[in-house]
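# Coordinates in review
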Amino acid sequence: MDDDGETPMPSLELHKLPTLAGAAIPNPIARHPLYHPSPSFFISPTDVVLRDILFDASPASAAGERRRRHVAAYHRAGPRREVAFDPATVRAAIFTCGGLCPGTNTVVRELVVGLSELYGVRGGVFGVRNGYRGFYSDEVVPLDPAAVEHWHKAGGAALGTSRGGFDLARIVDAIERHGFNQVYAVGGDGTMRGAARIHREVRRRGRLAVAVAGIPKTVDNDVGVVDRSFGFHTAVEAAQQAIAAGHVEAESAANGVGLVKLMGRSAGHIALHATLSSRDVDCCLIPEEDFYLRGAGGLFDFLYRRIKDNGHAVVVVAEGAGQRLIPRTTTTSASGACAGADESGNETFLDVGAWLKAEMRAWWEEEHAGEVFTVKYIDPTYMIRAVPANAGDNLYCTLLAHAAIHGAMAGYTGFVSGTINGNYAYIPMDEVAEAKNPVDTKDHKWAWVRSITNQPDFIRAGPTS
Ligand SMILES: Nc1ncnc2c1ncn2[C@@H]1O[C@H](COP(=O)(O)OP(=O)(O)OP(=O)(O)O)[C@@H](O)[C@H]1O
Ligand SMILES: O=P(O)(O)OC[C@H]1O[C@](O)(CO)[C@@H](O)[C@@H]1O
Ligand SMILES: [Mg+2]
């Protein structure tokens, strides 16, 4: 509080974006026969979205002090009154990269449809096949609304996707050769790191005026800054079937355990959200929270009590959980290869599900021989990300794509479109490329998991095995 009792207004730290030098052309949407823009339709460059909306207003809060003084702000996404591109000159390249994610095709579809129907781009939209490597090893594919009409109904990546193959010089050469002046990257953190480098190289070359935009995609929801990545909710929904099956199998056996492994390489969001929405889960294991198997207070101790109380138990484990417990010599990775790295340099993990199943059986044999025991291991890995987006994600994909188009048309570059506290914003690509989004096990969501599963804190209970 000030001396006069007023709460001072914090100053905004606007995360500004680079803009392309160029023409200021009236936005063609203003003359669009199907739109009647209201006075608030166009967004001005001074419209912002705040990153932090929760504050401790108490003067005594040291943590709240900085937030009270400085608030991170981002340009609000949406159509601008003036644009930097004459639609007749737009040559847009769209590509998808990294693992599959529900909604990828919807984003591509809506980029094509939005450029065409909102801005009147004709014959200037192209798909680059198979991720980054497609820039220099494939022909580009002309795209128009008719070509992509049904894409939102299909899972997968209609343009193709890949890992690895990032060759900066050849990619930017290809951008120059094709005359692309807008590049839309649909991908996860790796893709955004690559796109940020393309953006910098384009600027370094000086002679190119290219808007580089990103739409963050990753089924694991491990991209930072934005509220969530598209497709995540669809994957959580798809995981319900696997958990329900694990529950039925466990319930139908004497001393049955249903063990379900879900995607989540370095972040356990899918396992956490699937657990919260299912309510059939007795224990959720994620990469952010250590656990141990044997001894008092360990996972097996807990499972035994749960089996004795309820007759069965369901365990959900994220693929990245418990990695340091698994012996490296004997177990193969989830993809069949030894643990190492994939073509993009991402660590490939050992199969925690197969290992847990084997350990559970060995434990029961050692400690409860004579009593029947059943473990049914369900690994729906690719099934939860290869599905089409649900209705909510399809809508989200559409708005993210349109936000990206409005930003690129306005001449912003090196940005990502995403929601922050529910509002669409433009975020510097570098920031998103580097930000991580692990599950915060100190916040309320993890506490909800505990309250639903009643699982203990395996860290405090004893030594690790
Ligand atoms: N630091 C980097 N610089 C340039 N390119 C990169 C970098 N990191 C990753 N890439 C490239 O980005 C592409 C996608 O990366 P990756 O395979 O890690 O998937 P992702 O985009 O993180 O998506 P997901 O996590 O959903 O699978 C690959 O072609 C990879 O070569
Ligand atoms: O087998 P792929 O296609 O490399 O993808 C597996 C990885 O991709 C993701 O779905 C997203 O990064 C991870 O959860 C998973 O480890
Ligand atoms: Mg990634």
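Residues numbered from 1 in each chain as written. Chains lettered and ligands numbered in written order. Predicted model: local features only at pLDDT ≥ 70, side-chain atom pairs only at ≥ 80, totals over all residues. Heavy atoms only, no water.

- For the protein, the name recorded in an unreviewed UniProt entry is Phosphofructokinase domain-containing protein, with Oryza rufipogon as its organism.
- In its Function (unreviewed entry) section, the UniProt record describing the protein reads: "Catalyzes the phosphorylation of D-fructose 6-phosphate to fructose 1,6-bisphosphate by ATP, the first committing step of glycolysis."
- Among the UniProt annotations of the protein, the heading Cofactor (unreviewed entry) holds the following wording: "Mg(2+)". (UniProt positions renumbered as here; feature names shortened; annotations may be inferred.)

## Points about the sheet that holds strand E16 (residues 374-378)
- On the basis of which strands lie adjacent, the open sheet formed by four strands has the order E12-E13-E11-E16 and parallel pairing. Taken across any chain shown, the strands that pair with only one partner, and hence form the sheet edges, are strand E12 (283-285) and E16. Here the average twist between neighbouring strands, direction ignored, is 15 degrees.
- Packed onto the sheet, helix H8 (residues 299-310) meets strand E11 (256-262), E12 and strand E13 (312-318) and runs at close to 145 degrees relative to E13. (Pairing = 2+ DSSP bridges. Helix = DSSP H or I, 4+ residues; strand = E, 2+ residues; numbered from the N terminus. Axes fitted to C-alpha atoms, helices over the stretch in contact; angles between N-to-C directions. Contact = heavy atoms within 4.5 Å.)

## Observations regarding unusual backbone geometry
- Here the phi dihedral of Asn221 falls at roughly 60 degrees; this positive angle occurs in a residue that is not glycine.
- Even without glycine at this site, Asn454 takes up a positive phi of about 60 degrees.
- On the secondary structure map, Asn454 appears in the segment after helix H12 (444-453).

## Concerning the site of ligand 1
- In the region of ligand 1, 19 residues are neighbours, and Gly164, Asp189, Thr191, Lys217 and Ser344 sit closest.
- Contacts to ligand 1 include Asp189, whose side-chain N or O atom sits 2.5 Å from an oxygen atom.
- Alone, ligand 1 offers 630 Å² of accessible surface; in the complex the protein occludes 89% of this.
- If one sorts the elements of the shell around ligand 1 by residue count, helix H5 (residues 189-205) sits on top with six residues.
- In terms of residue class, the shell around ligand 1 is built from three nonpolar, 11 polar and five charged. (Near = heavy atom within 4 Å. Polar contact = N/O pair within 3.5 Å; in protein donor to acceptor, adjacent residues only side chain to side chain. Areas by Shrake-Rupley, 256 points an atom, 1.4 Å probe, with all protein chains shown as cover. Nonpolar A, V, L, I, M, F, W, Y, C, P; charged D, E, K, R; others polar.)

## Some points on the environment of His312
- Considering the arrangement of structural elements, one finds His312 in strand E13.
- Owing to a relative accessible area of 13%, His312 belongs among the buried residues under this scheme.
- Sequence separation of His312 and Cys97 is 215 residues, and the distance between their C-alpha atoms is 41 Å.
- Not counting the four nearest positions on each side in its chain, His312 is found in contact with His247, Ala250, Glu251, Gly256, Asp282, Arg306 and Ile307.
- A polar atom in the side chain of His312 sits 3.4 Å from the side chain of His247.
- Of the polar contacts made by the side chain of His312, one reaches the backbone oxygen of Asn310; its length is 3.2 Å. (Buried < 20%, exposed > 50% of the residue type's maximum accessible area, 1.4 Å probe, protein only.)

## Notes on the packing of aromatic side chains
- Overall, the coordinates contain 15 aromatic pairs when judged by the stated rule.
- Here Phe41 and Phe42 contribute two aromatic rings whose centre-to-centre distance is 5.1 Å and whose plane-to-plane angle is 85 degrees, an arrangement assigned as edge-to-face.
- Given a relative accessible area of 25%, Phe41 falls into the partly exposed group.
- Relative to Phe135, the ring of Phe95 has its centre 5.2 Å away and its plane inclined at 75 degrees; by these criteria the two rings are edge-to-face. Highlighted residues: Phe95 in strand E6 (residues 92-96) and Phe135 in helix H3 (residues 134-137), separated in sequence by 40 residues. In this structure, Phe95 and Phe135 share a single accessibility class: buried.
- Connected via pairs of aromatic rings, a cluster forms that spans Phe300, Tyr304, Trp363, Trp364 and Phe373.
- For Arg228, the ring lying beneath its charged end belongs to Tyr396, and the centroid distance is 4.2 Å. (Phe/Tyr/Trp six-rings, centres within 6.5 Å; stacked < 30°, edge-to-face > 60°. Lys NZ or Arg CZ within 6 Å of the ring centre and 35° of its normal.)

## Overview of helix H10 (residues 391-409)
- In a regular helix each residue adds 1.5 Å, so 19 residues correspond to 27 Å; H10 covers 27 Å between its end C-alpha atoms and thus fits that length.
- Within H10, 15 of the 19 residues are buried, which leaves the element mostly enclosed by the surrounding structure.
- At the N-terminal boundary of H10, the capping side chain belongs to Asn390, with an oxygen 3.2 Å from the backbone nitrogen of Gly392.
- Gly411 sits one or two positions beyond H10 and adopts a positive phi of about 100 degrees. (Expected span 1.5 Å × (residues − 1).)

## Description of the pattern of salt bridges
- By the definition in use, this model includes 24 salt bridges.
- With its nearest N and O atoms 2.5 Å apart, the salt bridge here joins Glu176 to Arg207. Here Glu176 is found in helix H4 (residues 168-178), whereas its partner Arg207 is found in the loop between H5 and strand E10 (211-216), with 31 residues between them in sequence.
- Judged by its relative accessible area of 28%, Glu176 falls in the partly exposed class.
- In this structure, Arg204 and Glu201 form a salt bridge, with 2.9 Å as the shortest nitrogen-oxygen distance. Taken as a pair, Arg204 and Glu201 lie in helix H5 at a separation of three residues, close to a single helical turn.
- It is possible to trace a salt-bridge network through shared partners that takes in Asp173, Glu176, Glu201, Arg204, Arg205 and Arg207. (Salt bridge = Lys/Arg side-chain N within 4 Å of Asp/Glu carboxyl O.)

## Considerations on the site of ligand 2
- Neighbouring residues of ligand 2: Arg163, Val219, Asp220, Met263, Gly264, Arg265, Glu319, Tyr382 and Arg385.
- Between Arg265 and ligand 2, the recorded distance is 2.9 Å, taken from a side-chain N or O atom to an oxygen atom.
- Here an oxygen atom of ligand 2 sits 2.8 Å away from a polar atom, N or O, in the side chain of Arg385.
- Protein chains bury 80% of the 400 Å² of accessible surface belonging to ligand 2 in isolation.
- Lining the shell around ligand 2 are residues from two domains, each supplying at least three of them: domain 1 (80-228 + 388-432) and domain 2 (232-324 + 346-384). (Domains from an automatic or database assignment.)

## A look at the environment of Ala88
- On the secondary structure map, Ala88 appears in the loop between strand E5 (82-83) and E6.
- Considered as a pair, Ala88 and Tyr119 are 31 residues apart in the sequence and their alpha carbons are 9.5 Å apart.

## A word on the nonpolar core
- With 70 residues, the main nonpolar core has Leu111, Tyr184, Ile215, Phe230 and Leu262 as its most contacted residues.
- Here this core spans two domains, since at least three of its residues come from each of domain 1 (80-228 + 388-432) and domain 2 (232-324 + 346-384).
- Grouped together as the second largest cluster of nonpolar side chains are 35 residues, Tyr132, Val140, Val223 and Ala425 included. (Core = buried A, V, L, I, M, F, W, Y, C linked by side-chain atoms within 4.5 Å.)

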